[in-house]
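Below, each chain spelled out in residue letters.
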Amino acid sequence: MNAPSFRVEKRTDGTMLLHYYSDRRGLCHIVPGIIEAVARDFFNMDMTMEILNKSEEEERTGKKEHVVFLIVQKHCRRENKTRSKMSQIGENSQQDQEKVEQAFQRMKEKYSTLSVYPAKKSHWDIVRSVVIFGKGNLQNLFEPVYPERLWIEEKTFCNAFPFHIVFDATLRVKQAGVNIQKYVPGLQTLDIRVDDYFTITHPQVTFNILSICKFINSQFVLKTRREMMPEAWKNQPALKLRGQMIWMESLQCMIYLCSPKLRSLQELEERNMHISDIARHDTTRDLILLNQQRLAEIELSNQLERKKEELRILSKHLAIEKKKTETLLYAMLPEHIANQLKEGKKVAAGEFETCTILFSDVVTFTNICAACEPIQIVNMLNSMYSKFDRLTNVHDVYKVETIGDAYMVVGGVPVPVENHAQRVANFALGMRISAREVMNPVTGDPIQIRVGIHTGPVLAGVVGDKMPRYCLFGDTVNTASRMESHGLPDKVHLSPAAYSALENHGFEIVKRGEIEVKGKGKMTTYFLIQNLQVTENEIMGRTENLENKKEANALGIQDSQTVVVGKYEDSQHLLPNADGTYAHDRSSSEEIGVQGEDTKERSDEQQSPDETKTNRLGHDNTHSNFCILL
């Protein structure tokens, strides 16, 4: 799609013709509206345009529509109004004189308040002033003075204008600048045709004197013919020249004053040219250098953008690694404690009036270690502890630490909750179920664990600077350890305080009786059997085997997710957050009951303490590594 071309012709009678050329036919009717709007906006005049002739001309680019418009300027409306007003003034001169004086006084007062600094012109005001610059009597009165002879030598002229060509009406070259001869060697041959070495790329007209004269006011761009260049130069980009055509009537010749059409030093180098080949008065030198500076600034800006993008990617990766580090840190310490340590603050020990502590260990763990390879022990403990760790998320209890086969958990610390005992109890029931899924590497049977629970006050704090740990201190820790060491295989052993915290909360608990506890004397202890209000799947946080999957779907829970579906007294549910952690949902819920047959079967399976009592290895010193303050 080529843009249309315009050419203005002034006739001897003073009228003006506008020639319109276009490859697209039928669009000439929009030209009058555009031209009339320009005349009205820039020159404050009214004009009309009418079509005199429409034809098609064969041009280099093909057939073009050629439309000739006659431009007729109307009298200015303001002048007519002014003349009518002047006639009225003549009739009523006395009244009008007073009005003129009043208007002049108001104008004087108005302009006296204006600033002496000129107002900033708008964009279109600047364009309008440029277009109509020179209009007036001064421009019409100016007459240039020409010398009688040209005071310049031919050699000097060819050096001062190194890129110029003079050719006659038959396009025969009569004269050429020194540098254009250098880069188009064929021009050194006299009387060659200029169209043999150049083609006109703008405007798109045929290369003849008549077409050039039609567009004499346009800028011409000529391009060298590659086939006419020396063999060694044919791989180089074609040289383009940009300049104006001037017709010399007395000599019947056309002079083409031009300069190389170059934009950067790279284009200059590609054509094996130098900056000194361009005349010093030619602004092309400045344009090349300014454009080179602009390209350098763009490249610098692009480099900054690339560095910015790299920093953004690095920042993103850093955030991911920071998230991993924080996840690992929060797995070792409570989140608020870890945040205080990151900020360099000293973490003060905190006293908790009541909490529930759980200890567990593997029955006959010493014998298993003696009969197995170390890697088998590691795999067994890893499988078991992974299941226990998942349950800590399900029931929102805090894992304190593990030593060997000992596993320590606390509820109500570091975040106090009212139902800490129920949470730890449900966690203990889940531990017992999970342990049945871990096999003894010696016998191939499910392993058995002992669990002990006690409720009471503790003191908690961070101990040490290197590998700090969040430790619990107090007699509650020692008593919970004694409940575990004096327990029975596959049983959850409760202290009197833990029994009181779980009583009347929907748990089935049987009394063990009075036993001798090392360091504590005689104590009446209990065994936790089951939770009568929730199912095994709810204890384990599983949803794939729930009979009522609609409830899980309504919560937006997928089968592979670990969630809490058990319900505590304060109706606190642990629902999965977007980051995989668990948060409390205090929405109201209904209690879930289980069938009575299940309760009866569990009761029938329960044996007396004497029947379930087995020989235990000495575990009095099992938890000596825990931070226990007697």
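Residues numbered from 1 in each chain as written. Predicted model: local features only at pLDDT ≥ 70, side-chain atom pairs only at ≥ 80, totals over all residues. Heavy atoms only, no water.

## Notes on the overall build of the protein chain
No. 1: For the protein chain, the helix and strand inventory stands at 20 helices and 20 strands.
No. 2: Residues classed as buried in the protein chain amount to 37% of the 630 residues present.
No. 3: Residue pairs at least 24 apart in sequence account for 58% of intrachain contacts in the protein chain once pairs closer than 6 positions are excluded. (Helix = DSSP H or I, 4+ residues; strand = E, 2+ residues; numbered from the N terminus. Buried < 20%, exposed > 50% of the residue type's maximum accessible area, 1.4 Å probe, protein only. Contact = heavy atoms within 4.5 Å.)

## Quick notes on helix α13 (residues 374–395)
No. 1: Taking 1.5 Å per residue, 22 residues should reach 32 Å; α13 reaches 31 Å between its end C-alpha atoms and fits that length.
No. 2: The set of residues buried in α13 consists of I377, M380, L381, M384, Y385, F388, L391, T392, V394 and H395. Projected onto a plane normal to the axis of α13, the buried residues spread over an arc of 160 degrees and lie on a single side. (Expected span 1.5 Å × (residues − 1). Arc of directions from axis to C-beta.)

## So, the sheet that holds strand β6 (residues 173–176)
Sheet strands line up and pair through hydrogen bonds in the backbone, either parallel or antiparallel.
No. 1: Read across the open sheet, the six strands follow the order β6-β5-β10-β9-β8-β7; overall the sheet is antiparallel. The sheet terminates laterally at β6 and β7 (198–202), the two strands that pair on one side only. Shown here is a sheet whose adjacent strand axes are inclined to one another by a mean of 30 degrees, direction ignored.
No. 2: Direction of pairing for β7 relative to strand β8 (residues 219–224): antiparallel, over a ladder of four bridges. Considered in β8, the bridge of T199 is made with K223. (Pairing = 2+ DSSP bridges. Axes fitted to C-alpha atoms, helices over the stretch in contact; angles between N-to-C directions.)

## Quick notes on the pairing of strand β5 (residues 164–168)
No. 1: Extensive coverage of β5 is indicated by the burial of five of its five residues.
No. 2: With burial as the criterion, each face of β5 is covered, one bearing H164, V166 and D168 and the other bearing I165 and F167.
No. 3: Across five bridges, the pairing between β5 and strand β10 (residues 253–260) is antiparallel. Considered in β10, the bridge of H164 is made with L257.
No. 4: Sheet topology note: the β5/β6 ladder contains three bridges and is antiparallel. Bridge pairing links V166 to Q175 in β6.
No. 5: Counted along the chain from β5 to the antiparallel partner β6, the turn is four residues long, and its residue L171 has a positive phi close to 70 degrees.

## Description of the packing of α13 against helix α14 (residues 420–435)
No. 1: Packing of α13 against α14 leaves a shortest axis separation of 10 Å and a crossing angle of 150 degrees. By the angle class used here, α13 and α14 are roughly antiparallel. Pair α13 / α14 crosses with right-handed handedness. The residues of α14 that touch α13, namely those facing K387, F388, L391, T392 and H395, are R423, N426, F427, G430, M431, S434 and A435.
No. 2: Of the residues assigned to the contact of α13 with α14, the class counts are five nonpolar, five polar and two charged. (Parallel < 35°, antiparallel > 145°, perpendicular 65-115°, else oblique. Left-handed = near helix turned anticlockwise from the far one by under 90°. Nonpolar A, V, L, I, M, F, W, Y, C, P; charged D, E, K, R; others polar.)

## A closer look at the side chain of H19
No. 1: Among the structural elements, H19 can be located in strand β2 (residues 16–22).
No. 2: Filtering out sequence-adjacent residues up to four positions away, H19 remains in contact with S5, F6, R7, E9, H66, V67 and V68.

## Describing the confidence of the model for the protein chain
No. 1: Per-residue confidence for the protein chain gives a mean pLDDT of 79; residues scoring 70 or more make up 77%.
No. 2: Note that residues 545–567 has pLDDT below 50 and, in this model, 42 contacts with residues that lie over four places away or in other chains.
No. 3: Below a pLDDT of 50 lies the segment residues 569–630, which in the model reaches 116 contacts outside its immediate sequence neighbourhood of four places, other chains included. (pLDDT = per-residue confidence, 0-100.)

## Some remarks on the pattern of salt bridges
No. 1: Applying the stated criterion to the full structure yields 23 salt bridges.
No. 2: As a salt-bridge pair, R542 and E536 come within 3.7 Å of each other at their nearest N and O atoms.
No. 3: Given a relative accessible area of 35%, E536 falls into the partly exposed group. (Salt bridge = Lys/Arg side-chain N within 4 Å of Asp/Glu carboxyl O.)

## Focus: the nonpolar core
No. 1: Grouped together as the largest cluster of nonpolar side chains are 39 residues, with contacts concentrated most on L358, M384, F388, F427, I449, I453 and L494.
No. 2: For this core, the element with the highest residue contribution is α14, accounting for nine residues.
No. 3: In this structure, I192, F207, L239 and M245 belong to the second largest nonpolar core, which totals 34 residues. (Core = buried A, V, L, I, M, F, W, Y, C linked by side-chain atoms within 4.5 Å.)

## A look at unusual backbone geometry
In most cases, non-glycine residues show a negative phi, while peptide bonds are predominantly trans.
No. 1: Across the junction of H202 and P203, the peptide omega takes the value -10 degrees, indicating a cis bond.
No. 2: Mapped onto the elements, P203 comes out in the loop between β7 and α8 (209–214).
No. 3: Cis geometry is adopted by the peptide bond preceding P414, which originates at V413 and carries an omega value of 0 degrees.
No. 4: Tracing the backbone through its elements, the reader meets P414 in the loop between β13 (406–411) and α14.
No. 5: In the Ramachandran plot, L171 falls in the positive-phi region, its phi being about 70 degrees despite a non-glycine side chain.
No. 6: Examined against the element boundaries, L171 turns out to sit in the loop between β5 and β6.
No. 7: Of note, the phi angle at D396 is positive, near 55 degrees, even though the residue is not glycine.
No. 8: Residue placement: D396 occurs in the loop between α13 and β12 (398–403).
No. 9: Classification of D396 by relative accessible area gives partly exposed; the value is 34%.

## As for the environment of C369
No. 1: Take C369: it is sitting in helix α12 (residues 365–371).
No. 2: Counting along the chain gives 73 residues from C369 to V442, while the straight-line C-alpha distance between them is 9.3 Å.

## Section: the packing of aromatic side chains
No. 1: As enumerated under the stated definition, the model contains nine aromatic pairs in all.
No. 2: Summarising the aromatic geometry, the rings of Y21 and F215 are spaced 5.3 Å apart at their centres and angled 50 degrees between planes, so their arrangement reads as tilted. Here Y21, found in strand β2, pairs with F215, found in the loop between α8 and β8; they are 194 residues apart in sequence, far enough to count as distant.
No. 3: The exposure class assigned to F215 is buried, which follows from its relative accessible area of 5%.
No. 4: Grouping aromatic residues by their ring pairs yields a cluster made of Y385, F388, Y407 and F427. (Phe/Tyr/Trp six-rings, centres within 6.5 Å; stacked < 30°, edge-to-face > 60°.)

## Re a nonpolar patch on the surface
No. 1: Together, L27, I30, I34, V38 and F43 make up an exposed nonpolar region whose accessible area comes to about 400 Å².
No. 2: Within the element layout of this structure, V38 appears in helix α1 (residues 31–42).
No. 3: V38 sits in the partly exposed class, given a relative accessible area of 35%. (Patch = residues over 30% accessible without salt bridge, like charges linked within 9 Å, V, L, I, M, F, W, Y side chains within 5 Å. Areas by Shrake-Rupley, 256 points an atom, 1.4 Å probe, with all protein chains shown as cover.)

## Structural notes on a positive patch on the surface
No. 1: Together, K223, R226, K240 and K261 make up a region of like positive charge exposed at the surface.
No. 2: As for its position among the elements, K261 is in the loop between β10 and α9 (265–270).
No. 3: The class of K261 is partly exposed, set by a relative accessible area of 35%. (Lys, Arg positive; Asp, Glu negative; His and termini not counted. Charge placed at Lys NZ, Arg CZ, Asp CG, Glu CD.)

## A few points about the packing of helix α10 (residues 284–332) against helix α11 (residues 335–342)
No. 1: Put simply, α10 and α11 touch, their axes get as near as 8 Å, and they point 120 degrees apart. With respect to α11, the axis of α10 lies oblique. α10 and α11 meet at a crossing whose hand is right-handed. Each of E326, L329 and Y330 in α10 lies in contact with α11, whose residues at this interface are E335, A338, N339 and K342.
No. 2: When grouped by side-chain class, the residues that make up the contact of α10 with α11 number three nonpolar, one polar and three charged.

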